[in-house]
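Structural overview
Single-letter residue listing:
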Amino acid sequence: MNLSNLKPATGSIKSKKRIGRGTGSGRGGTSTRGHKGAGSRSGTSRKIGFEGGQMPLQRRLPKVGFKNPNRVEYVGVNLDVLQDLAEKHNLTSVDFESLRTHGLVSKKDLVKILGRGELKAKLEVKAHAFSATAQKQIEAAGGSIVKL
């Protein structure tokens, strides 16, 4: 036995229904579409989620909560990460571009500096937002903050 003589199990492969091939085929004439009505015409389609007239799932389920369309999403960067960056790359200032070049944020992200960890390096940090604890720790270490 090798790859050249492999075959599917007998009965596992069925030939597809060939519709519209004459009345003798049993699927000629209306070609399984029935008589008249929108479904018999060409170019018909159903609504997404249509369940044959049964109440669709998205209408049966209860609706919960609220999604604020004006929500501003930030990518959090903690102080311990900034400390590691400063030690590895001898940085004195951390801005959006330096975070991006080191793979911490993407081009369209907004950055928020968060207060986890300890910051010993004196850094000038430029970001879109700062938590109160992060701001205190940066200033306590002798650094400064700049909001973009």
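For clarity, every value in this text was computed on a predicted model and none was experimentally measured.

What counts as what
Along each chain, residues carry numbers from 1 onward, in the same order as the chain's sequence is written. Local features in this predicted model are restricted to residues whose pLDDT is 70 or higher, and side-chain atom pairs enter the listing and the counts only when it is 80 or higher, whereas totals over whole chains, interfaces and linings include all residues. Note that the side-chain values use all heavy atoms of the structure and ignore hydrogens as well as water. Following DSSP output, two strands are said to pair if at least two bridges run between them. Numbered from the N terminus, helices here are DSSP runs of H or I no shorter than four residues, and strands are runs of E no shorter than two. We call two residues in contact when some of their heavy atoms are within 4.5 Å. Throughout, an axis means a line fitted to C-alpha atoms (over the contacting stretch in the case of helices), and angles, computed between N-to-C directions, take values from 0 to 180 degrees. Each residue's exposure class comes from its accessible area (1.4 Å probe, protein chains only) as a fraction of the maximum for that residue type: buried when under 20%, exposed when over 50%, partly exposed otherwise. In these notes, a set of buried Ala, Val, Leu, Ile, Met, Phe, Trp, Tyr and Cys residues joined through side-chain atoms within 4.5 Å is what counts as a nonpolar core.

Looking at the sheet that holds strand β1 (residues 74-78)
Strand order in the open sheet formed by three strands is β1-β3-β5, and the pairing between neighbours is parallel. The strands lining the two open edges of the sheet, one partner per strand, are β1 and β5 (129-130). As paired strands, β1 and strand β3 (residues 110-114) are joined by five bridges and run parallel to one another. The residue bridging Val-77 from the neighbouring strand is Ile-113, located in β3. Lying on the sheet, helix α2 (residues 79-89) is in contact with β1 and β3; it crosses β1 at an angle near 65 degrees.

Focus: the environment of Asp-80
With respect to the helices and strands, Asp-80 occurs in helix α2. Given the relative accessible area of 24%, Asp-80 is considered partly exposed. When the C-alpha positions of Asp-80 and Lys-126 are compared, they lie 16 Å apart, and in sequence the two are 46 residues distant.

As for the side chain of Ser-31
Counting through the fold element by element, Ser-31 comes out in the segment before α1 (57-60). Discounting residues that sit within four places of it in the chain, Ser-31 has contacts with Ile-19 and Gly-20.

Observations concerning the environment of Gly-53
Position of Gly-53 among the secondary structure elements: in the segment before α1. The class of Gly-53 is exposed, set by a relative accessible area of 62%. The spatial distance from the C-alpha of Gly-53 to the C-alpha of Ile-138 is 62 Å, given a sequence separation of 85 residues.

Topic: the nonpolar core
Inside soluble globular proteins, nonpolar side chains tend to come together where they are buried. Residues Leu-82, Leu-99, Val-111 and Ile-113 are the most contacted members of the largest nonpolar core, which totals 18 residues. Counting residues per element, this core draws most heavily on α2, which supplies four residues. Setting aside residues no more than four positions away along its own chain, Ile-113 makes contact with Val-77, Leu-79, Leu-82, Val-125, Ala-127, Ala-129, Phe-130, Ser-131, Ala-134 and Ile-138.

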